[in-house]
Amino acid sequence: MAKKKLKVGSDLTWKDMEVGNIVREAGSASARRTGDWRTERPILDKEKCTKCALCWLDCPDAAIKPTAEGYYVADLDYCKGCGICAEICPVKAITMIEEEEK
Amino acid sequence: MEGNFVKVGKNRVPLEEFVAEGHSFCTGCGEALALRLACKALGRNVIIANATGCIEICTSPLPVTSWRVPWIHTLFENTAAVSSGTEAALKVLMKKGKMPQKDITCVSVAGDGGTSDIGLQALSGALERRHNFLYLCFDNEAYMNTGIQRSSATPYGASTTTAPAGKFSIGQTSWKKNLPEIAVAHSIPYVATASPGYPFDLMNKVKKGAEVNGPAYVHILSPCPTGWRSPSNLSVKLGRLAVETAIFPLYEVENGRYKLNVDPPKLKPVEEYLKPQGRFRHLLEAEIKEIQQHVTEEYARLKAKVACFGGSTSSGN
Amino acid sequence: MSKRVGLEASHAAAEAARMADIDVTAAYPITPQTHVPERLAEMVANGELEAAYIPVESEHSALSACLGSAAVGARTFTATAGQGLELMHEVVYVASSMRYPIVMTVANRALSAPLSVWGDHSDAMAVRDTGWIQVFCQNNQETFDLTLWAFRVGEDPKVLLPVMVHFDGFSLSHVTEPVILPEQEEVDRFLPKFQYPFALNPDRPMTHGAFGPPDIYSETKVAQEVALRESRDVILQGWKEFGDIFGRYYKPVESYKTEGARLLVLTMGSFSETAKVAVDTRKAKGESVGLINLRLWRPFPFQELIEAVKGAETLIVFDRCISFGGPGGPVSSEVRSALYNEKKRPVVVSFVGGLGGRDMSVKDFEYVIDRGRGVAEKGSKELFETVGIRGEVTGIRG
């Protein structure tokens, strides 16, 4: 995932303000990695997974991303650990486990 | 995955995310999911006018933005008016040759607060004037962003911070205002209800609303774990239960003709939907019965309209 | 060939909008502005003006629709008055802070309660701090001219701010005066095509109206204030260009026979013309008097005001509004504040009158001159004097 730095207000002076406070860079908030909200994380059992992509579809955070092999795996930079994917998986291939203390 | 699409069952869903990951919606937010799906149905050629509320706050903290499509937020109650101005301006600018012809859909995005209460006037005006735009109401059934205060879309018996359940109160004492019916009363080409529990139905309806010529209104139930006090992993399931209990029926009204999209042969009891939600925790059996009766009657009324004003039932996705 | 026609100020404003080839107008009718949207609607219906006329359901929606229109780069115009300006109050702040160059003509009307459809400046004074460029018109010609000029200034890429053109309700809005209308070709030379640099478009997706957390809000406000102050250059440039093409030159502060005058009266709007006659009358009797017509209200013309009152001993400021519980008239308090740091400044006497459509005659302004002179000489404990109001107003202190 792109590791660009999140632009914040305290870096800017009044002269840096855009006219009308417009934001030109689309999607610039994605530099904020909400994965650190998590208390649980999803674990995928690839044996059970049927690659139906329902977890990808139902993730409120767009944090589940397709892999090259055709699975759908949570991007831990953004996954908030809500557990919807585990709940809706038709074959129960996803389990939520406690985040470890760092 | 196929190119820019993900195959989900028989459907192809755009891979592109129009609301960037890293937004600050709560964990398990049903509204975030509904928005994500709606945006996939809309694509790039939109100009979104957004009311103050959860969506606006979670996606637009200066100096950055989650939005990857043109987007404007001004105030709380004027979304439909802003879209009216944008729609009229684009039309006339293209007519006068001041900008190249381009198919751009004007979309209003607002919560139940910014629609049902403070925003109702602007919505009514825009619908009456027949602007060619799509209004999406993301209904999490209270003023969630400011702290779970009641709205006229809060269901009967739900506890909110300004209509809390207590010794002398059941919480919300009025029945949920029927916004889709208010939209239908404006005789617009397309009105629909949707839920993130039925993602393909939701996306189809948003697409349909965008393509219709004239005003379209889609009312989207948005389960809110924070305000509904439900487990964060149940937002999609609650979105399904709301439909399966007929608390939130999925239907469309096209030029006055009603069509029920999902008609379960046997409805689940409302209790199944209410029980996982802390906002209903205080309800007594008699009160739940009252709700069940009301839901049953309302559903019968809806089905009578379907029978009376043309259209058949069809299975949902 | 320019032509001279009889027009109400309302119709003059509408005509200016037509000649400016506006793209969108969203307006809600309210007395005494009604003739502006009515005329615009007529022009659109007849094909005289190719624009979208949005018959919104309230003033709040009127200015909100204008936001949506300006955001995609359409030349946008609206009009309101009194309660209407109040109803759209929060939107007024948003238009300027989001830097949308909307032009709005306001037929100044008294604020309720009690309800009054008649003219005074209370509606204008309520929007002092909203960040718009604001001017006051003396007559219908100015209403036409300044409306046209407003597009030139507001839309300038160095400015990008909304402009309010105030003209008195009923005394101007509903009175026919001769107005010289220019040739369309002259207008086209004066007014460039509107090219809004940040127009919302799917080709380059931008976000307008992101919210301001505490760590950035202050900086946005300073930036906005600086932009309004710096619009001065284009304001003056716009007036110069206007004069060069149309032959009428406007200034932020208009001095009328003030050379050597020991006593000056400062007015805004249509009463300036009445006051000028009073000044002429008294000058003919040998009195040392003059008039200042304050035309540019925001950004406040500090330099020009200080220059205009140099040498005067007494400056009577006439307000058509009471700032309740405050220092009498809002304009007089701003003038006092503007002159505070000057080593030598006239004694400022505040007068309030002309409220809710109460007229001021030439004689009334002569009274103002006499009484004001007396107050300045003897001193007074009163916060402000009144004129034309029945019953003595004395002993009112904070």
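The following paragraphs examine the structure supplied in this document. (Residues numbered from 1 in each chain as written. Chains lettered and ligands numbered in written order. Predicted model: local features only at pLDDT ≥ 70, side-chain atom pairs only at ≥ 80, totals over all residues.)

## Here's the deal with the overall build of chain B
Convention followed: Elements are defined by DSSP. Helices are runs of H or I of four residues or more, strands are runs of E of two residues or more, and each kind is numbered from the N terminus. Our radius of gyration is a C-alpha quantity, and the globule rule it is checked against amounts to 2.2 Å times the number of residues to the power 0.38. Whether a residue is buried, exposed or partly exposed follows from its count of other C-beta atoms within 10 Å of its own C-beta, namely 20 or more, 12 or fewer, or something in between, respectively; the C-beta atoms are built from the backbone. Here, residue contact means that the backbone-derived C-beta atoms of the two residues sit within 7 Å.
Looking only at helices and strands, one finds eleven helices and twelve strands in chain B. Against the 2.2 N^0.38 benchmark of 20 Å for 317 residues, chain B shows a C-alpha radius of gyration of 19 Å, consistent with a compact globule. Once the C-alpha set of chain B is aligned to its principal axes, its extents read approximately 65 × 50 × 45 Å. When burial is assessed residue by residue, chain B has 59% of its 317 residues classed as buried. A fraction of 67% describes how many contacts in chain B between residues 6 or more apart in sequence connect residues 24 or more apart.

## A closer look at the interface of chain C and chain B
Note the following rule: Gly counts as polar in this scheme, as do all residues outside two lists: the nonpolar Ala, Val, Leu, Ile, Met, Phe, Trp, Tyr, Cys and Pro, and the charged Asp, Glu, Lys and Arg. At least two bridges found by DSSP between two strands are what make those strands a pair.
Contact residues are listed per partner, giving 40 residues for chain C and 40 residues for chain B. Looking at the side of chain C that touches chain B, the elements that each hand over two or more residues are β2 (24-26), β3 (52-54), α3 (59-71), α5 (89-97) and β9 (207-208) of chain C. Of all the elements, α3(C) adds the most residues to the side of chain C that touches chain B, at nine residues. Tallied by class, residues from the side of chain C that touches chain B come to 24 nonpolar, twelve polar and four charged. The pairing of strand β4 (residues 71-73) of chain B with β9(C) spans two bridges and is parallel.

## Here's the deal with the nonpolar core
Going by this rule: Each nonpolar core consists of buried Ala, Val, Leu, Ile, Met, Phe, Trp, Tyr and Cys residues. Their C-beta atoms, within 7 Å, join them into a set. Residue ranges assigned to the domains are those given by an automatic or database domain assignment.
Among the nonpolar cores identified, the biggest contains 231 residues, and A38(B), L136(B), V24(C), L67(C), L264(C), V265(C) and L266(C) are the most heavily contacted of them. Per-element accounting of this core gives the leading share, nine residues, to helix α1 (residues 30-42) of chain B. Counting residues domain by domain, this core receives three or more from each of domain 1 (3-246) and domain 2 (253-386) of chain C. Once residues within four sequence positions are removed from consideration, L67(C) is found in contact with T74(B), V82(B), G85(B), V91(C), V94(C), A95(C), M98(C) and Y100(C). By size, the runner-up hydrophobic cluster in this structure holds 24 residues, among which are A53(A), Y72(A), A74(A) and C85(A).

## Thoughts on helix α7 (residues 199-211) of chain B
We apply this condition: Under the convention used throughout, the expected extent of a helix is 1.5 Å for every residue step, that is, one less than its residue count.
The terminal C-alpha atoms of α7(B) lie 18 Å apart, and with 13 residues this matches the ideal 18 Å at 1.5 Å per residue to within 8%. Within α7(B), burial applies to P199(B), D201(B), L202(B), M203(B), K205(B), V206(B), G209(B) and A210(B).

## Structural notes on the pairing of strand β6 (residues 133-136) of chain C
Residues and elements named next belong to chain C. Inclusion rule: If the strands point away from the viewer and the path from the first strand over the helix to the second runs clockwise, then the crossover is right-handed.
On β6, burial covers both faces: I133 and V135 on one face and Q134 and F136 on the other are all buried. Traced from β6 through helix α7 (residues 140-154) to strand β7 (residues 163-168), the parallel crossover comes out right-handed. Taken together, the two bridges between β6 and strand β13 (residues 296-298) define a ladder with antiparallel strand orientation. In the sheet register, V135 faces β13, and the bridge partner there is L296.

## So, the sheet that holds strand β12 (residues 257-260) of chain B
Heads up, the rule is: Here the axes come from fitting lines to C-alpha atoms, over the contacting stretch only for helices, and the angles between their N-to-C directions go from 0 to 180 degrees.
Across the sheet, which stays open at both edges, the nine strands sit in the order β12(B)-β11(B)-β9(B)-β10(B)-β6(B)-β5(B)-β3(B)-β4(B)-β9(C) with mixed pairing between neighbours. Two strands lie at the open edges of the sheet, namely β12 of chain B together with β9 of chain C, each paired on one side alone. Both strand β9 (residues 190-194) of chain B and strand β11 (residues 251-254) of chain B contribute to a ladder of three bridges, which runs antiparallel. Looking at β11(B), one finds that Y190(B) is bridged to E254(B). The strands touched by α1(B) within the sheet are β3 (46-50), β5 (105-111), β6 (133-139) and β10 (216-221) of chain B, with β6(B) carrying the most contacts at an inclination of about 160°.

## Focus on unusual backbone geometry
Going from T31(C) to P32(C), the amide bond is cis rather than trans, its omega being 0°. Of note, P32(C) is situated in the loop between β2 and α2 (35-46). Positive phi, close to 55°, is recorded for S187(B), a residue that is not glycine. By secondary structure assignment, the location of S187(B) is in the loop between α6 (179-184) and β9. Overall, S187(B) belongs to the partly exposed group, with 14 C-beta atoms counted inside 10 Å. In this structure, N255(B) is a non-glycine residue whose phi angle is positive, near 50°. With respect to the secondary-structure elements, N255(B) resides in the loop between β11 and β12. On the neighbour-count criterion, N255(B) (13 C-beta atoms within 10 Å) is partly exposed.

## Structural notes on the packing of α7(C) against helix α9 (residues 214-246) of chain C
All names here are of chain C. Note the cut-off: Throughout this description, any angle smaller than 35 degrees is read as roughly parallel, any larger than 145 degrees as roughly antiparallel, any in the 65 to 115 degree range as roughly perpendicular, and the remainder as oblique. By convention, the crossing between two helices is left-handed when the near helix turns anticlockwise from the far helix through less than a right angle, and right-handed when the turn is clockwise.
At their nearest, the axes of α7 and α9 sit 10 Å apart, and the two run at 130° to each other. The pairing of α7 with α9 is recorded here as oblique in orientation. The handedness of the crossing between α7 and α9 comes out as right-handed. Mapping the contact onto sequence places D145, W149, R152 and V153 in α7 and S231, V234, I235, G238, W239 and F242 in α9. Here the contact of α7 with α9 is built from residues that sort into six nonpolar, two polar and two charged.

Note that all results are geometric; they support no functional claim without further evidence.
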